[in-house]
Amino acid sequence: MDVLVTEGLTLFGQKISYAELFGQLCALAVVFLAQRRTLWTWPVQVGATVLLFAVYISADLGGLATRQVVIFAISLYGWWAWSRKQDPVYGVVVRKATGVERLALLGAMVVGTVGVALILKALDASWAPWPDAWIFVGTVVAFAAQGRGLVEFWLVWLAVDAVGVPLQFASGLYFSAAVYIVFSVLVVRGLLDWLRTADRHRAADTALKGA
C-alpha cells in the first residue's frame, strides 16, 4: 500500500498517487453502478475505501480518512440489504423518503457535522475540521440512505460535493477535485433516474391496491 501512495504519475503538472487514481476511479464507477442499482456497487465501493483511506491519511485529513472506515462498514450493510432482492429485477426497491425520514436525514447531517467537527478540533486531526466533518457525516448519511433505497441520498451527495470540491483543491488533491466535479454531474443524472423509478414503483403500487 505504501508504494501505491508514494508512487504515481503526473497529469497536467500535478503528481497523482496510484492509490488516489485507482481509488477515485473506483469511487467514480460506484456512481454508475448505483444508478443502475447493481449489486456490484458495494464490492467496488469496498475497494475504493481501502485505497482512499491511505490517500487521506497521507494528506492529514483525519475526517476523510475515518470516513472510509465507516463507509467500509456501511458498504457491507448495503451489500447485504441489496442482496435481499426486494425488487424482482434489481436488489433494492427505490422510493422517496417520508417526511419523518427527511427530517431524520437533515438532523443527522447538522448534528453529526457539529459533533464530528468538535471532535476533529479537539484531537487536532484535521486542518479543516468543519468541511471535513460535513463531508464525513454527509457521506455516512448518503450511503445509509442509499442502502435503504431512498432517492434523497443523491441530494445528500450533491451537498457533500459542494464542499468536497474546494476542500480537495485546497488539499492539493487536484485529481480528486476533478473527480468530485464529475461526481456532481453523474449524481444529477442518478437523481433523475431514481426519481422516475420511484414514481413508476408508486404508480404500480397504487394500481395494485386499487385492483
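1. Regarding unusual backbone geometry
- The backbone phi angle of R37 is positive, close to 55 degrees, even though this residue is not glycine.
- Secondary-structure assignment places R37 in the loop between α2 (18-35) and α3 (41-58).
- Exposure remark for R37: the relative accessible area of 6% places this residue in the buried category.

2. Description of the environment of A73
- Turning to its location among the elements, A73 is positioned in helix α4 (residues 62-82).
- Overall, A73 belongs to the partly exposed group, its relative accessible area being 45%.
- Through-space distance from the C-alpha of A73 to that of V140 is 9.9 Å; in sequence the pair is 67 residues apart.

3. Structural notes on a nonpolar patch on the surface
- On the surface, L106, V110, V111, V114, L118 and W130 cluster together into a nonpolar patch covering about 560 Å² of accessible area.
- Here the nonpolar patch takes five residues from helix α5 (residues 99-123), the largest share from any one element.
- Inspection of the secondary structure assignment puts V114 in helix α5.

4. Some details on the packing of aromatic side chains
- What the rule picks out here adds up to seven aromatic pairs.
- Taking 6.1 Å as the distance between ring centres and 15 degrees as the angle between the ring planes, the aromatic pair formed by Y18 and F22 counts as stacked. Here the residue Y18 and the residue F22 both occupy positions in helix α2, the gap between them amounting to four residues, near one helical turn.
- Taking the relative accessible area as the measure of exposure, Y18 reaches 29% and is therefore partly exposed.
- F22 sits in the partly exposed class, given a relative accessible area of 39%.
- Arranged with centres 4.9 Å apart and planes meeting at 65 degrees, the rings of F153 and W194 form a pair that is edge-to-face. You can see F153 sitting in helix α7 (residues 153-170) and its partner W194 sitting in helix α8 (residues 174-210), a full 41 residues away along the chain. Pair check on accessibility: F153 and W194 agree, each one buried.
- An aromatic cluster of at least three residues, connected via ring pairs, comprises W42, F143 and W157.

5. Let's talk about the packing of helix α6 (residues 129-147) against α7
- Relative to each other, α6 and α7 sit at 155 degrees, their axes nearing to 9 Å. Put simply, α6 runs roughly antiparallel to α7. In this structure, α6 meets α7 at a crossing whose hand is left-handed. Contact residues: α6 offers P131, D132, W134, I135, G138, T139, V141, A142, F143, A145 and Q146, while α7 offers F153, V156, W157, A159, V160, V163, G164 and L167.
- In the contact of α6 with α7, the residues fall into 14 nonpolar, four polar and one charged.

6. Looking at α3
- Compared with an ideal rise of 1.5 Å per residue, which puts 18 residues at 26 Å, α3 spans 26 Å between its outermost C-alpha atoms and is within 8% of the ideal.
- Residues of α3 that are buried: T41, W42, Q45, V46, A48, T49, L51, L52, A54, V55 and Y56.
- Following α3 by one or two positions, D60 adopts a phi angle in the positive range, close to 60 degrees.

What counts as what
Residues numbered from 1 in each chain as written. Predicted model: local features only at pLDDT ≥ 70, side-chain atom pairs only at ≥ 80, totals over all residues. Heavy atoms only, no water. Helix = DSSP H or I, 4+ residues; strand = E, 2+ residues; numbered from the N terminus. Buried < 20%, exposed > 50% of the residue type's maximum accessible area, 1.4 Å probe, protein only. Patch = residues over 30% accessible without salt bridge, like charges linked within 9 Å, V, L, I, M, F, W, Y side chains within 5 Å. Areas by Shrake-Rupley, 256 points an atom, 1.4 Å probe, with all protein chains shown as cover. Salt bridge = Lys/Arg side-chain N within 4 Å of Asp/Glu carboxyl O. Phe/Tyr/Trp six-rings, centres within 6.5 Å; stacked < 30°, edge-to-face > 60°. Axes fitted to C-alpha atoms, helices over the stretch in contact; angles between N-to-C directions. Parallel < 35°, antiparallel > 145°, perpendicular 65-115°, else oblique. Left-handed = near helix turned anticlockwise from the far one by under 90°. Contact = heavy atoms within 4.5 Å. Nonpolar A, V, L, I, M, F, W, Y, C, P; charged D, E, K, R; others polar. Expected span 1.5 Å × (residues − 1).

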